[in-house]
Amino acid sequence: MDFSSIPHPAPVPGETRQQALADPGFGTLFSDHMVSIDWEEGKGWHNATVGPREPLSLDPATAVFHYAQEIFEGLKAYKQADGGIALFRPEENARRFNASADRLAMPNLPEELFLESIRQLVKADRDWFPSVDGGSLYLRPFMFASEAFLGVRPAKKYKFLVIASPAGNYFKSGAPAVSIWVSRNYTRAAPGGTGAAKCGGNYAASLVPQAEAIAKGHDQVVFLDAVEKKWIEELGGMNLFFVFDDGSVVTPPLTGTILPGITRDSLIQLLREEGLQVREEPYSIDQWRADATRGDLVETMACGTAAVVTPVGKVEGPDGAFTIGTGGPGQITSKLRERLVGIQRSEIADTHGWVMRID
Ligand SMILES: *Cc1c(COP(=O)(O)O)cnc(C)c1O
């Protein structure tokens, strides 16, 4: 599919952009352009455009406002040591986007079109890479039901968009390890629900427990399973790994209530290459507490595209608080983070074919 290209008539002036890029934060600064593609029943995907980032004009009856038929992805473009630009396993994002689309009764977007959209946007906004250490261009592809219709059925019109946001460090505090609150009153996903789909609705449901975590002085919330309220699932937007002193690692299995993270999948492979034994099996909050207290559990890490690999230092559960290891970043966590970031920036050889150059 050919993209029509409309350069921004009044891009952000260079000096203003450079100032903003020195301290981009996360999710508040946006580049000049966006990609937009439409879908309509009987017509399929059409109208692919890379043009100025601008407000959308939507009928108040647009389906997404009422029944939340919306999915998204999150991936980063990384500046390489040689000045080039690369993506990390973007085909996995394209594939997962369609898996989410299937669950939300939305049309599939050809994987090549997903990838081409990202290439087009990064090319248009290649001056928007942050100048800060560890910075990247965060890409947000998403799709929503754009038909104006109040009946409850899958919409007959959709919009796919990609926007870009220069990103510094995800966690504001910049703390070496995060503190976690175990939600007692709320769950994230139930069997048969949408937990494995990357849809906005899952996040809407996580905001109250996340606010509770913040109010209790923690950074993030961890969810337990909805049936027994016993098994650890994941954070609002990150998967978890538990590292033991015998060289084994446990991560919760993909049973349909957990988001299948691409970082999660990459870490499983990297950990195995480090000689660690990784098991995908259920792990309970009581066991976590007991193992951490006894010292058998030495590290816990949270992972996802936005924050990469982040150590969990403290946990406050139903039976009080406990500390993981020394409460700071552990050895495996730090090593894995360095390896992954190194591969993403092509400072370490990419033996898996994970890095896709796009320049
Ligand atoms: C996106 C997401 C993750 C992490 O997935 P990555 O592919 O590693 O970025 C984990 N949990 C949830 C709920 C998510 O939405």
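Structural data are supplied above this passage.
Residues numbered from 1 in each chain as written. Predicted model: local features only at pLDDT ≥ 70, side-chain atom pairs only at ≥ 80, totals over all residues. Heavy atoms only, no water.

### Some thoughts on empty space enclosed by the protein
Counting across every chain of the model gives two cavities of 30 Å³ or more. Space inside the largest cavity adds up to approximately 130 Å³. Lining of the largest cavity is provided by 13 residues; of these, Tyr78, Phe88, Thr263, Thr305 and Gln344 occupy positions nearest its centre. Taken together, the elements giving at least two residues each to the lining of the largest cavity come down to β5 (75-79), α6 (262-273) and α8 (331-344). Looking at the lining of the largest cavity element by element, the count peaks at three residues for β5. Of the residues contributing to the lining of the largest cavity, the split by class is six nonpolar, six polar and one charged. (1 Å grid on protein atoms, 1.4 Å probe; cavity = no way out; pocket = protein on both sides within 12 Å on 5 of 7 lines; lining within 4 Å. Points joined across faces, edges and corners; volume = space filled by probe spheres on them. Helix = DSSP H or I, 4+ residues; strand = E, 2+ residues; numbered from the N terminus. Nonpolar A, V, L, I, M, F, W, Y, C, P; charged D, E, K, R; others polar.)

### Focus: the packing of α6 against α8
At a minimum axis distance of 11 Å, the contact between α6 and α8 shows a crossing angle of 110°. Classified by the angle between their axes, α6 and α8 sit roughly perpendicular to one another. Relative to α8, the crossing made by α6 is right-handed. Between α6 and α8, the contacting residues are Thr263, Ser266, Leu267, Leu270, Leu271 and Glu273 on the first element and Ile332, Leu336, Arg339, Leu340 and Ile343 on the second. Classifying every residue of the contact of α6 with α8 by side-chain character gives seven nonpolar, two polar and two charged. (Axes fitted to C-alpha atoms, helices over the stretch in contact; angles between N-to-C directions. Parallel < 35°, antiparallel > 145°, perpendicular 65-115°, else oblique. Left-handed = near helix turned anticlockwise from the far one by under 90°. Contact = heavy atoms within 4.5 Å.)

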